[in-house]
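Listed here are the chains, written in short residue letters.
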Amino acid sequence: MDLKDLRVNGRRLRESLEEMARIGGTPGGGVQRLTLSDEDRRARDLFVAWLREMDLEITIDQMGNIFGRRPGLNNDLAPVMSGSHIDSQPKGGRFDGILGVMGALEVMRTLHENRVQTERPFVIVDWTNEEGSRFAPAMVGSGVWAGALDLDWVYARTDVKGNKLGQELERIGYKGPAPAKKRPVQAYYEYHIEQGPILEREGQIIGAPKGILCLHWYDIFVEGTANQVGPTPMEGRNDALCAAAEMILAVNRLPARMGGNLVATVGEIHNFPNSRNIIPDKVHFTVDIRSWDDDLALRAWEEVEKEFQGLAAARGCPLRAEVTWRVEHSPFDERLVERVLRQAERLGYSSRRMVSGAGHDASYMNQVCPTAMIFVPSIGGRSHVEVEETTWEDCEAGANVLLHCLLESLQEK
């Protein structure tokens, strides 16, 4: 068989995605598979079982990252890698992350059943805690592996109930013995839904991002004075929630204020003591700033932090701000981006260049080796929600592009 004629099995890809979606499935059609939860463990177990069916060499490292290695003709050569993540957002979608793992799995199965020999080894990966919704920050599995994050610092991260990441990793049985340490890689491809509206709006099937925006996360802690709401006059109150509300609106105004290509969001808020008849005395909220321009994102934070301090002083509510996470923007390897576009054209799929506004493990892999991503449309541009949807035809199309991009890299000597 001419390898140029090779295609994935779209029906099998759909069945794998649907079986995974039943693990942590929600009534609204999405999934809730928070990292290191029992649902995450069940999904990992299923993934590992599928890897074993192909007799792959399976490695689980100290971060719980799962690797399945298919040997090449020359195993001294650096492998080609592809994958994404199995964990989800709370009440998230059934395509985000998992499409990249199941797409790479389908490529592996296609090579296996057709007995395709490749020059280089092929490694599929499931990265731990890409979402960062239970344990912040995001992308810590790939971050530790790439040498960008400290293992012990990540192990000590806690969820809202005080559970530590390292302990939860051990609890579900996925704290592996292998070092979470980068090794030479020839190329890394990550297949993903777009999570935005551009491809669908323009009628394009394949997106080839030139890179990923920078991601800056901050945690803000505001303190006030608790008191009974009835007897306490409005004058002189130190209401932490009112101060936080003004700060949150300042974040929403920030992109327009900076006059640049920037987005800024408050996505998480915790109010204490969270009682209807007590003036709030503590608020914790998050700030997320993203841009292709790293300096612009930093200047934006400096501006809004100054505004926070002024608002805090006016309300008599002391403020503490923590820099939780910063990842610089990631321009991808131009040769691999061109390969994605060229293979899409050869396979008969429309395509376009674009930028990824969402964070992905590809950001950290981009620090290790040449990296590219393959996007397919998100219906309505919706993601991180239960109604997230992508057509099965587009899932198959993206997997075919992934297959042939991987084959090119796998045959390089």
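Preceding this section is the structure that the text describes.
This text gives an overview of the structure that appears in the document. (Residues numbered from 1 in each chain as written. Predicted model: local features only at pLDDT ≥ 70, side-chain atom pairs only at ≥ 80, totals over all residues. Heavy atoms only, no water.)

1. Looking at the overall build of the protein chain
Here is step 1: Within the protein chain one finds 12 helices and 14 strands.
Here is step 2: For the protein chain, the C-alpha radius of gyration of 23 Å lies close to 22 Å, the compact-globule estimate for 413 residues.
Here is step 3: Projecting the C-alpha coordinates of the protein chain onto the three principal axes gives extents of approximately 80 × 45 × 40 Å.
Here is step 4: Among the 413 residues that make up the protein chain, the fraction classed as buried is 56%.
Here is step 5: Put simply, 80% of the contacts in the protein chain that link residues at least 6 apart link residues at least 24 apart.
Here is step 6: On the protein chain, roughly 17,400 Å² of surface is accessible, and the fraction owed to carbon and sulfur atoms is 47%.
Here is step 7: Taken as two groups, the 48 positive and 61 negative side-chain charges of the protein chain have centres that lie 1 Å from each other. (Helix = DSSP H or I, 4+ residues; strand = E, 2+ residues; numbered from the N terminus. Rg over C-alpha atoms; globule rule 2.2 N^0.38 Å. Buried < 20%, exposed > 50% of the residue type's maximum accessible area, 1.4 Å probe, protein only. Contact = heavy atoms within 4.5 Å. Areas by Shrake-Rupley, 256 points an atom, 1.4 Å probe, with all protein chains shown as cover. Lys, Arg positive; Asp, Glu negative; His and termini not counted. Charge placed at Lys NZ, Arg CZ, Asp CG, Glu CD.)

2. A word on the packing of helix H1 (residues 10-21) against helix H3 (residues 98-113)
Here is step 1: Between H1 and H3, the shortest axis-to-axis distance is 10 Å and the interhelical angle comes to 140 degrees. The angle between H1 and H3 falls in the class oblique. Considering the relative orientation of H1 and H3, their crossing is right-handed. In contact with Arg-12, Leu-13, Ser-16, Leu-17 and Met-20 of H1, H3 contributes Ile-98, Leu-99, Met-102, Gly-103, Glu-106, Arg-109, Thr-110 and Glu-113.
Here is step 2: Each residue belonging to the contact of H1 with H3 can be placed in one class, and the counts come to six nonpolar, three polar and four charged. (Axes fitted to C-alpha atoms, helices over the stretch in contact; angles between N-to-C directions. Parallel < 35°, antiparallel > 145°, perpendicular 65-115°, else oblique. Left-handed = near helix turned anticlockwise from the far one by under 90°. Nonpolar A, V, L, I, M, F, W, Y, C, P; charged D, E, K, R; others polar.)

3. Details of the side chain of Asp-294
Here is step 1: Looking at where Asp-294 falls in the secondary structure, it is placed in helix H9 (residues 294-315).
Here is step 2: Within the local environment of Asp-294, its side chain forms a polar contact with the side chain of His-329, the two groups lying 2.5 Å apart.
Here is step 3: Excluding residues within four positions of it along the chain, Asp-294 makes contact with Cys-214, His-216, Glu-328 and His-329. (Polar contact = N/O pair within 3.5 Å; in protein donor to acceptor, adjacent residues only side chain to side chain.)

4. Quick look at the environment of Val-304
Here is step 1: The topology assignment puts Val-304 in helix H9.
Here is step 2: Separated by 51 residues in sequence, Val-304 and Arg-253 place their C-alpha atoms 9.4 Å apart.
Here is step 3: In this structure, Val-304 is in contact with Ala-250, Val-251 and Leu-254, ignoring residues within four places of it in sequence.

5. Digging into the pairing of strand E14 (residues 371-376)
Here is step 1: With six of six residues buried, E14 is to be regarded as a mostly interior element.
Here is step 2: Going residue by residue along E14, you find Thr-371, Met-373 and Phe-375 tucked away on one face and Ala-372, Ile-374 and Val-376 tucked away on the opposite face as well.
Here is step 3: With six bridges connecting them, strand E5 (residues 187-193) and E14 associate as parallel partners. Residue pairing across strands places Ile-193 opposite Val-376, the latter belonging to E14. (Pairing = 2+ DSSP bridges.)

6. A word on the packing of helix H10 (residues 334-346) against helix H12 (residues 392-410)
Here is step 1: Between H10 and H12, whose axes approach to 9 Å, the crossing angle comes to 125 degrees. As judged from the angle between their axes, H10 and H12 are oblique. Pair H10 / H12 crosses with right-handed handedness. Contacts between H10 and H12 involve Leu-336, Arg-339, Val-340, Arg-342, Gln-343, Ala-344 and Arg-346 from the former and Val-401, His-404, Cys-405, Glu-408 and Ser-409 from the latter.
Here is step 2: Here the residues of the contact of H10 with H12 are counted per class, giving five nonpolar, three polar and four charged.

7. Comments concerning the environment of Leu-298
Here is step 1: Structurally, the position occupied by Leu-298 is in helix H9.
Here is step 2: With 82 residues separating them along the chain, Leu-298 and His-216 place their C-alpha atoms 8.4 Å apart.
Here is step 3: With residues near it in sequence (within four places) discarded, Leu-298 still touches His-216 and Arg-326.

8. Structural notes on H10
Here is step 1: The end-to-end C-alpha separation of H10 is 18 Å, in line with the 18 Å expected for 13 residues at 1.5 Å each.
Here is step 2: Among the residues of H10, those classed as buried are Leu-336, Val-337, Arg-339, Val-340, Leu-341, Gln-343 and Ala-344.
Here is step 3: Against E5, strand E6 (206-212), strand E13 (351-356), E14 and H12 lie the buried residues of H10.
Here is step 4: Between the side-chain oxygen at the start of H10 and the backbone nitrogen of Arg-335 there is a gap of 3.1 Å, and the oxygen is on Asp-333.
Here is step 5: In the stretch just after H10, Gly-348 is the one whose phi turns positive, near 85 degrees. (Expected span 1.5 Å × (residues − 1).)

9. Focus on the nonpolar core
Here is step 1: In terms of nonpolar packing, the biggest core is built from 96 residues, with Met-20, Met-81 and Met-102 touching the most fellow members.
Here is step 2: With 11 residues, H12 is the largest single contributor of residues to this core.
Here is step 3: Those residues in contact with Met-20 that lie beyond four places of it in its chain are Arg-33, Ala-43, Leu-46, Phe-47, Trp-50, Ile-86, Ile-98 and Met-102. (Core = buried A, V, L, I, M, F, W, Y, C linked by side-chain atoms within 4.5 Å.)

10. Some words on unusual backbone geometry
Here is step 1: The omega torsion across Ala-136 and Pro-137 is 5 degrees, close enough to zero to call that bond cis.
Here is step 2: By secondary structure assignment, the location of Pro-137 is in the loop between strand E4 (122-126) and helix H4 (140-145).
Here is step 3: Cis geometry marks the peptide bond from Phe-272 to Pro-273, where omega comes out at 0 degrees.
Here is step 4: Within the element layout of this structure, Pro-273 appears in the loop between strand E9 (269-272) and strand E10 (282-291).
Here is step 5: Its identity as a non-glycine residue notwithstanding, Arg-115 has a phi of 50 degrees, on the positive side.
Here is step 6: Position of Arg-115 relative to the elements: it lies in the loop between H3 and E4.
Here is step 7: Of note, His-384 is a non-glycine position whose phi angle comes to about 65 degrees, a positive value.
Here is step 8: Looking at where His-384 falls in the secondary structure, it is placed in the loop between E14 and H12.
Here is step 9: On the basis of relative accessibility, which here comes to 34%, the residue His-384 falls in the partly exposed class.

Everything listed is a geometric property; what it means functionally is a separate question.
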